Amino acid sequence: MSTPASPAPAPGPASRSGMRDALVTAAVALFGEHGFDATTIDDIVARAGVGRRSFFRYFPSKESVVFPDHEGALRQMSEFLADEAGFGQDPVARVCDAARMVLAMYAADPAFSLARYRLTREVPALRTHELAVVRRYESALAAFLRARFAGRADGGLRADVVSAAVVAAHNHALRSWLRSGAQGDPAEVVEHALEWVRATYSDDVPSAPRGGEAEEDVMVVVARRGTPMWRVVQRVQEALD
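None of these values were measured; they are calculated from a predicted model.

For the chain, the helix and strand inventory stands at 10 helices and zero strands. Mapped in sequence order, the helices and strands of the chain form the string α-α-α-α-α-α-α-α-α-α. In the chain, the proportion of contacts linking residues at least 24 apart, taken out of those at least 6 apart, comes to 64%. When the accessible area of the chain is evaluated, it comes to approximately 14900 Å², of which 54% is carbon and sulfur surface.

Here's what the structure looks like:
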């Protein structure tokens with residue numbers, strides 16, 4: 001009498017990661033060869049050598065396979081923002097640090113980041129998916145800032161403006177790097193953009209010293225509607241003289 005076969009063990013973390021990576025590699029290769037719309041999920045699993053059910057175990061849609069790392073990056077960023085160790089840090093500096101974590105994800109694999117950038121420029125569905133992902137990052141930053149700015153009358157407005165500015169600055173610099181063919185270190189470009197945001201919105205940035213500065217004169221010129229511009233300029237010059 002034969003012994004019943006034992007059920008196959010569930011794939012461990014290493015094999016799950018390997019299967020997921022195989023699906024991503026196969027998908028990106030096929031999108032490059034045949035185009036996004038012409039590639040089916042069946043094509044992807046056949047190239048990866050796995051079953052169709054395996055695809056949906058890791059990705060809910062064909063679009064999501066192009067963004068395999070964002071869920072982990074978003075989770076890591078949220079944990080970073082929730083860490084009490086950062087509560088003494090300036091909130092604007094903290095969200096800039098969080099944005100740097102997203103940059104590290106892109107910089108870790110320039111070839112894949114560049115391939116994804118080119119795909120999202122060509123495929124409207126991927127661009128829409130990317131915008132939804134970006135919105136989730138912005139929402140996470142805004143939620144953190146609203147909590148930190150809760151005591152301010154303009155807290156909600158400030159949180160939304162700063163979070164949008166951080167995402168816009170990060171993405172502007174990141175796309176500049178990708179347009180260059182992912183040449184060089186993106187950290188320098190992104191650092192400049194994020195430092196501009198921090199300097200613009202952070203309460204920790206000191207104002208420029210005013211001692212020793214001469215007071216500026218303010219002049220108001222009143223003119224009737226329709227007065228020729230040369231006459232307005234002439235009056236300004238006469239007043240200055």
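Here we take up the side chain of glutamate 138. Along the polypeptide, glutamate 138 turns up in helix 7 (residues 124-148). Excluding its chain neighbours within four sequence positions, the residues that come into contact with glutamate 138 are Ser163, Ala164 and Val167.

Here the UniProt feature "DNA-binding region" (unreviewed entry) sits at residues 40-59. End C-alpha atoms of residues 40-59 are separated by 14 Å, and the span's content is 75% helix alongside 0% strand.

Bringing the packing of helix 5 (residues 91-108) against helix 9 (residues 186-201) into the picture now. Direction vectors running N to C along helix 5 and helix 9 enclose 165 degrees, while the axes themselves pass 10 Å from each other. Here helix 9 runs roughly antiparallel to helix 5, going by the angle between their axes. The way helix 5 lies across helix 9 gives a crossing that is right-handed. Listed contacts from helix 9 to Val92, Ala93, Cys96, Ala99, Arg100, Leu103 and Ala107 of helix 5 are Pro186, Ala187, Val190, Glu191, Leu194, Val197, Arg198 and Tyr201. A class-by-class count of the residues in the contact of helix 5 with helix 9 yields 12 nonpolar, no polar and three charged.

Reading the values: the criteria
Residues numbered from 1 in each chain as written. Predicted model: local features only at pLDDT ≥ 70, side-chain atom pairs only at ≥ 80, totals over all residues. Heavy atoms only, no water. Helix = DSSP H or I, 4+ residues; strand = E, 2+ residues; numbered from the N terminus. Contact = heavy atoms within 4.5 Å. Areas by Shrake-Rupley, 256 points an atom, 1.4 Å probe, with all protein chains shown as cover. UniProt positions renumbered as here; feature names shortened; annotations may be inferred. Axes fitted to C-alpha atoms, helices over the stretch in contact; angles between N-to-C directions. Parallel < 35°, antiparallel > 145°, perpendicular 65-115°, else oblique. Left-handed = near helix turned anticlockwise from the far one by under 90°. Nonpolar A, V, L, I, M, F, W, Y, C, P; charged D, E, K, R; others polar.

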